[in-house]
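# Breakdown of the fold
Okay, here's what each chain looks like letter by letter:
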Amino acid sequence: SLSYLKSGVTGVFPTLASATTEELNAAIDRIASAKAAGAINFAGVHLEGRYLNAARRGAHASHLLAALDKDELPALIEKMHKDNVLVWVNSIIFDHKKQLAGGHSDDTALTVSENLGWGWLADRNFDIIQTDWPGMLIDYLKRSGKYYKK
């Protein structure tokens, strides 16, 4: 909608909440179509839902949550990249007892293994990793050869 542009918003980063694979793919198609039509500047997509800790699902419907699928997640990310859409993931921990990021988090990176925490996310081709530790994340990405800018 052009109403966003009129109010000063220069771009949006829609969040994909928990949904079926078919619904996520349809949402990605709608975002790509709107982006291609120039309807609004889609800066990227926040892939929030589907692979959440059920104990911390918040408003996400439990029947739409799924275990991390080694083929499904890369396919969703690849689909977004094909349409030149950046993909954002969150590695922040709100409660060490109930993690949101499937164990691939700031806490994992800092206390267990940077490779298992941030490296796992970078290896899945997420473009933006939201963190409470940006300096340490950038240092790790540079040391590991996983740092890049689009």
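As the structure is a prediction and not an experimental result, all values here were calculated from the model.

Basis of the calculations
Residues numbered from 1 in each chain as written. Predicted model: local features only at pLDDT ≥ 70, side-chain atom pairs only at ≥ 80, totals over all residues. Heavy atoms only, no water. Phe/Tyr/Trp six-rings, centres within 6.5 Å; stacked < 30°, edge-to-face > 60°. Helix = DSSP H or I, 4+ residues; strand = E, 2+ residues; numbered from the N terminus. Buried < 20%, exposed > 50% of the residue type's maximum accessible area, 1.4 Å probe, protein only. Lys NZ or Arg CZ within 6 Å of the ring centre and 35° of its normal. Contact = heavy atoms within 4.5 Å.

### Considering the packing of aromatic side chains
Taken as a whole and assessed by the stated rule, the structure comprises 2 aromatic pairs. Consider the rings of tryptophan 118 and tyrosine 140, whose centres lie 6.4 Å apart with planes at 45°: the pair is tilted. Highlighted residues: tryptophan 118 in helix α5 (residues 115–123) and tyrosine 140 in helix α6 (residues 134–143), separated in sequence by 22 residues. Of the two residues, tryptophan 118 and tyrosine 140, both sit in the buried class. Between lysine 142 and the ring centre of tyrosine 147, over which it is positioned, the NZ or CZ distance is 5.0 Å.

### Concerning the environment of glycine 44
Take glycine 44: it is sitting in strand β2 (residues 44–47). With relative accessibility at 0%, the residue glycine 44 sits in the buried group. Spatially, the C-alpha atoms of glycine 44 and phenylalanine 13 are 5.0 Å apart, while their sequence positions differ by 31 residues. If near-sequence neighbours (up to four positions away) are discounted, glycine 44 is found in contact with Val12, Phe13, Pro14, Val85 and Leu86.

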